[in-house]
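Understanding the architecture of this molecule
Here is how the chains run, residue by residue.
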Amino acid sequence: MSDFPILSAALLLPILGALLIMILPPRQESSIRAVAAVSTLASLLLSLGVCFGYDQAKGGMQFVESIPWVRDLGVSYALGVDGISLPLLLLTNLIGFSAVYASWHTEERVKEFFALLLLLISGVMGTFVATDLFIFFLFYEVVVIPIYLLVIMFGSSKRVTKEYAGMKLTIYLLIGSAFLLVGLIALFVKGQALLGFPSMDIGTLAGVDFPVTFQIFIYCLMAFGFGTLLSMFPFHAWSPDGYAGAPTAVSMIHAGVLKKIGGYGLIRIGLLLLPAGARYVAPLIAILALGNVVYAGIICLNQRDLKYIVGYSSVSHMGYVLLGIASVNLISINGAVMMMFAHGVMAALFFAMIGHLYQQSHTRNVGDFGGLAHQMPRLAVGFMLAGLASLGLPGTVNFIGEFTIFVGAFGVYNLLTILAISGIVITAVYILRTLGGVLFGPRRSEWDHLQDLRGVDLVPLLVLGGAILVGGILPFTIMDLINSGVGQLLVQIGPGSVGGIF
Amino acid sequence: MQDILSISWLIPVLPFLAFGAIGLWLHRWPQVSAGVSVSAIGISFLLSLLVALEVFSQGPGQVFQVSVRWLEMPGLKVDMGILVDPLAAVMLIVVTAVALLVQVYSLGYMEGDPGLASYFSYQSIFAGSMLGLVIANNFGQIFVFWELVGMCSYLLIGFWFGRPSARDAAIKAFVTNRIGDFGFLLGILFLAIIFGTLNYSELAARIPNYHNPAVLLPISILLFFGPVGKSAQFPLHVWLPDAMEGPTPVSALIHAATMVAAGVYLIARAFFIFSQVPQVMLLIAAVGGFTALFAATIALVQNDIKRILAYSTLSQLGYMVMAMGVGAMTAGIFHLMTHAFFKSLLFLAAGSVIHALQGEQDIWKMGGLSQKMPVTTWTFVIGALALAGIPPLAGFWSKDEILMGAYAGGYLGLYLLGSLVAFMTAFYMFRLIFTAFFGAGAGGQPVHESPPVMTGPLIILAFLSVVAGLLGSPLTNNVFAHYITAPGVAHHAASPAIMLTSSLLSLAGIWLAWLIYQKQVVRAEDLRRRWAWLYGLIYNKFYIDELYAWLRRVVVDAGARALEWVDLKIINGVVNGLAYLTGSSGRALRYTVTGQVQAYAAWVVLGVVILLLFALMAAIAAMV
């Protein structure tokens with residue numbers, strides 16, 4: 001069993017599912033859904049298996065697979081997971097599985113929809129398990145195509161048209177990846193010069209002692225590329241419009257995991273390969289993070305469309321992740337990884353609930369609703385759980401992430417952290433206003449025809465809600481894993497102090 | 001008997017289990033849900049009694065502690081633990097007793113409500129969170145449960161979510177508390193960074209010897225933010241009066257044993273920090289004293305029975321906080337305990353009245369209830385006498401300890417303020433009683449006494465409101481102070497002079513209320529008219545809610561609009577501008593691709609000529 005390529009299996013199952021769907025006749029919608037459900041479930045179970053099988057005491061990259069691919073470039077198909085990528089792999093599968101159920105009632109072009117969705121899930125998963133820069137970048141680019149098609153084919157037009165949203169999303173992703181590509185090539189070339197042989201392996205390149213000015217320059221490119229992906233202020237403009245235009249499943253995956261590739265890249269590639277550069281630029285990132293937290297949070301107060309609220313709020317929450325990364329210490333980065341997981345499940349749950357509501361009511365305007373808890377108590381539970389997680393209530397995994405980041409960041413940036421913590425008040429205001437506006441208040445008879453969650457609709461609530469609560473009530477289950485990964489990474493890069501850019 | 005302490009973790013866990021069971025399975029059967037909830041808190045109450053017996057048989061100074069690992073990494077450690085000492089034991093009893101009685105009472109009060117199952121599940125998690133807070137052994141854990149208590153109050157205040165007023169009150173409560181928690185969290189972070197631990201006993205060992213006392217000043221001010229929000233001290237008091245939008249038993253719970261008690265309890269728990277910084281102690285005393293007076297003033301003119309009680313809670317919380325500030329921590333906790341009994345009694349009795357009158361809350365529309373609802377009336381009177389501090393009822397002993405603490409501690413101003421508040425308290429409570437219970441009787445509708453399931457808890461609480469004070473009286477040699485104490489807490493022998501003065505002041509308050517509202521020597525209406533501007537100012541709560549609403553509109557909402565404009569016009573504008581630039585340059589340049597070969601040839605020739613010119617110039621330059 002130890003030789004079984006479990007990561008490859010998890011990675012390829014959705015692709016297999018997509019291929020199978022492509023050869024099925026378009027009329028057989030129920031078999032198409034079944035294939036999607038089974039392949040994502042299998043991936044989810046495999047990644048859970050990896051979680052339980054991962055030896056925390058040993059740490060490091062495990063479940064490693066490596067097949068040489070392009071020898072001249074030092075590229076190999078290399079996979080592996082450690083304490084940082086494993087939670088994100090699990091997150092991808094939790095959300096991917098839920099996303100299939102959240103789109104269960106898709107009626108047009110079912111075949112295309114699920115095939116693209118499965119492709120998207122595989123692509124995102126690949127970025128987290130790849131230990132080779134080339135493979136990482138390859139999967140990252142694989143993600144872009146299904147996203148674009150899904151948005152323009154299945155999206156919705158409100159404040160902006162779905163074509164605009166899809167275009168904006170895609171172009172931002174591509175601009176980010178262009179900068180990234182330059183950075184990766186530079187790393188490869190410089191690495192080859194210093195090593196004497198070509199290598200794209202992250203672990204090998206991490207051993208190279210790049211010159212400090214080179215590190216700073218390349219890290220800036222990376223920070224721009226990954227930062228755009230993570231919707232770092234002021235490069236966040238794609239996020240609210242993109243989510244608003246995208247169909248439910250894409251919003252879930254995009255806000256839930258795709259965004260986290262940015263944070264993951266900043267840690268796994270930025271910090272591990274370019275520690276001196278990361279530390280030099282960190283204060284600037286911390287300041288931009290404050291822009292995320294406070295600026296986007298305040299804008300949320302004035303939003304009326306549910307998807308814009310969650311969109312801006314996710315920009316705001318990414319500020320905490322950036323702050324954690326910019327503080328470059330064990331506690332803060334543990335918190336940042338935890339926060340990525342936490343925000344992922346929370347945002348996906350939020351979008352799933354909004355999707356269910358929108359599918360029936362065809363509106364997302366908070367003012368159009370009111371008192372929905374009368375008609376839809378289960379939906380109300382989902383909204384409340386996502387909302388309370390969003391405002392960082394203890395008992396939800398989001399609290400663990402935020403609290404840990406605050407502790408880690410406070411010692412490094414006193415004032416910035418204090419200002420960032422004010423975000424907990426801002427978040428409470430807009431989340432509670434939104435929940436109050438949608439769920440509470442007098443019963444409105446025009447919504448009496450809405451169906452509450454039932455049957456398969458409950459899957460996202462149970463899976464994602466369960467993850468929120470398990471992580472919040474028993475945080476050690478996830479945090480110990482993260483800590484083993486981050487701890488090792490920080491030992492590898494060695495001690496150092498943050499700052500220099502100002 | 002040590003075994004009982006080692007299972008004391010069950011006390012908070014049982015209500016949580018009840019919450020989980022109701023939420024997941026039992027909500028289809030409301031009666032079963034209610035039964036499970038009541039049994040859970042009932043068992044917790046019995047366990048608390050056993051735990052308290054064990055603790056008090058061991059003598060003061062005994063601390064039982066265990067923890068389990070919860071969130072741990074190098075440099076940060078938050079355990080889930082239990083700490084049982086006399087202070088925690090007293091709080092456990094108070095919380096479980098009041099929560100149990102409130103839940104039993106709710107069986108009658110909430111009968112037939114469609115949300116009965118969720119009501120009891122919220123009650124359970126509320127009690128569980130509060131118990132978790134009480135039994136916590138570190139600041140991380142207390143913050144976790146602190147926030148959960150806030151969330152539960154949000155759920156319960158907004159329980160009748162169909163009413164916009166209930167929804168708004170719930171949001172107000174949560175957000176106001178969050179502002180306090182913002183400071184509280186910062187204080188906790190400071191502790192974590194500077195001392196590297198959040199455990200009370202570890203901190204208590206380090207802080208007195210800490211080399212830089214100046215650092216303790218910001219820490220303790222920030223920590224005090226928490227109680228200001230949760231115990232509704234000025235200027236974050238605005239949520240508590242609105243919190244009466246919840247069902248009345250919930251108000252009883254919030255105002256007596258859970259929620260607001262948490263803030264006072266925190267000050268007592270962290271007394272080892274606060275007592276190190278005299279400036280902060282003075283600040284605490286001043287905030288408490290001001291809140292006591294300020295709220296008592298507002299209570300004088302309110303017409304809604306629950307609102308009067310709500311402002312009296314604010315005022316009494318101010319009293320407790322003031323006690324903490326003058327160093328009389330024991331007196332503050334003693335008052336917290338007695339207040340829990342008589343305030344929950346008053347709210348439940350008020351609920352009994354409201355229940356009988358189909359939701360009427362205006363005291364001027366009541367009247368003559370004493371004949372129709374004797375149990376409710378007389379228990380309410382006992383509660384009011386206890387609150388007014390008439391000997392030998394519970395409130396008398398505890399209020400007196402606080403006044404004594406202020407006087408003996410050298411805070412003459414606060415002593416006088418406290419005495420004035422005692423007078424006002426007696427006056428407004430008996431204004432309410434003479435009007436609502438003994439007045440002329442306005443309504444002709446048939447009014448009946450509430451069922452035994454509601455009057456039973458009233459009678460028990462009335463009994464406790466009479467006897468609970470004896471624990472801290474000279475009659476029992478002040479056994480309470482013997483156990484509940486901390487380094488830096490001052491104890492003073494009871495002074496007959498102070499006792500006599502405060503009793504006379506309270507009696508004078510009752511007498512004045514009797515003159516105006518029963519004998520009607522002067523008509524209340526005339527007074528109101530003569531002092532209309534003052535009346536308006538006080539009746540409208542000094543317009544503080546309006547001020548906050550205005551600030552929210554002008555600063556917060558306008559700021560949000562401004563930033564949204566920036567985001568749409570500037571940031572998105574730049575993005576769209578760049579896109580437009582790219583697009584238009586493409587549009588402009590496409591005219592160069594016409595498909596006409598002659599034109600291409602012309603461009604090629606032009607290019608060649610330019611290149612040749614460059615080459616020529618380079619050659620000339622080389623020659624020169």
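Residues numbered from 1 in each chain as written. Chains lettered and ligands numbered in written order. Predicted model: local features only at pLDDT ≥ 70, side-chain atom pairs only at ≥ 80, totals over all residues.

What about the interface of chain B and chain A?
Between chain B and chain A, the residue contacts involve 39 residues of the former and 41 residues of the latter. Taken together, the elements giving at least two residues each to the side of chain B that touches chain A come down to β1 (64–73), α6 (139–157), α7 (164–195) and α26 (544–589) of chain B. With 13 residues, the top contributor of residues to the side of chain B that touches chain A is α7 of chain B. (Contact = placed C-beta atoms within 7 Å. Helix = DSSP H or I, 4+ residues; strand = E, 2+ residues; numbered from the N terminus.)

Re the pairing of strand β2 (residues 75–81) of chain A
Here β2 of chain A lies mainly inside the structure; 5 of its 7 residues are buried. The antiparallel pairing of strand β1 (residues 62–70) of chain A with β2 of chain A creates a hairpin that spans 4 residues between the two strands, and G74 of chain A there sits at a positive phi of about 70 degrees. (Buried ≥ 20, exposed ≤ 12 C-beta atoms within 10 Å, placed from the backbone. Pairing = 2+ DSSP bridges.)

Some points on the confidence of the model for chain B
Per-residue pLDDT for chain B averages 88, and the proportion of residues at 70 or more is 99%. Across the interface, the model reports ipTM at 0.91; the global pTM reads 0.91. (pLDDT = per-residue confidence, 0-100.)

Quick word on the packing of helix α2 (residues 10–24) of chain B against helix α3 (residues 30–58) of chain B
Residue and element names in this part refer to chain B. Across the interface, α2 lies against α3 with an axial gap of 8 Å and an inter-helix angle of 175 degrees. One way to sum up the angle between α2 and α3 is to call them roughly antiparallel. Counted together, L10, I11, L14, P15, L17, A18, A21 and I22 of α2 and S33, V36, S37, A40, I41, I43, S44, L47 and S48 of α3 form the full contact between these two elements. Of the residues in the contact of α2 with α3, the class split is 13 nonpolar, 4 polar and no charged. (Axes fitted to C-alpha atoms, helices over the stretch in contact; angles between N-to-C directions. Parallel < 35°, antiparallel > 145°, perpendicular 65-115°, else oblique. Nonpolar A, V, L, I, M, F, W, Y, C, P; charged D, E, K, R; others polar.)

What about the pairing of strand β2 (residues 76–84) of chain B?
Residues and elements named next belong to chain B. Of all 9 residues in β2, 8 are buried; the element is thus mostly enclosed. Two strands pair when backbone bridges link them, and β1 and β2 are joined in this way by 9 bridges, in the antiparallel orientation. Directly across from E72, in β2, lies its bridge partner K77. Between β1 and β2, which follow one another and run antiparallel, lie 2 residues, and G75 among them has a positive phi close to 100 degrees.

Let's talk about unusual backbone geometry
That bond from F233 of chain A to P234 of chain A is cis: its omega, -5 degrees, falls within 30 degrees of zero. Turning to its location among the elements, P234 of chain A is positioned in the loop between α8 (212–229) and α9 (238–245). With an omega of 5 degrees, the peptide bond between F234 of chain B and P235 of chain B qualifies as cis. One non-glycine residue, F63 of chain A, adopts positive backbone phi at about 55 degrees. Along the chain, F63 of chain A falls in strand β1. Judged by the 21 C-beta atoms lying within 10 Å of it, F63 of chain A is buried.

Digging into the environment of P234 of chain A
Given 17 C-beta atoms within a 10 Å radius, P234 of chain A is considered partly exposed. Here P234 of chain A is in contact with G291 of chain A together with I571 of chain B, once residues within four sequence places are set aside.

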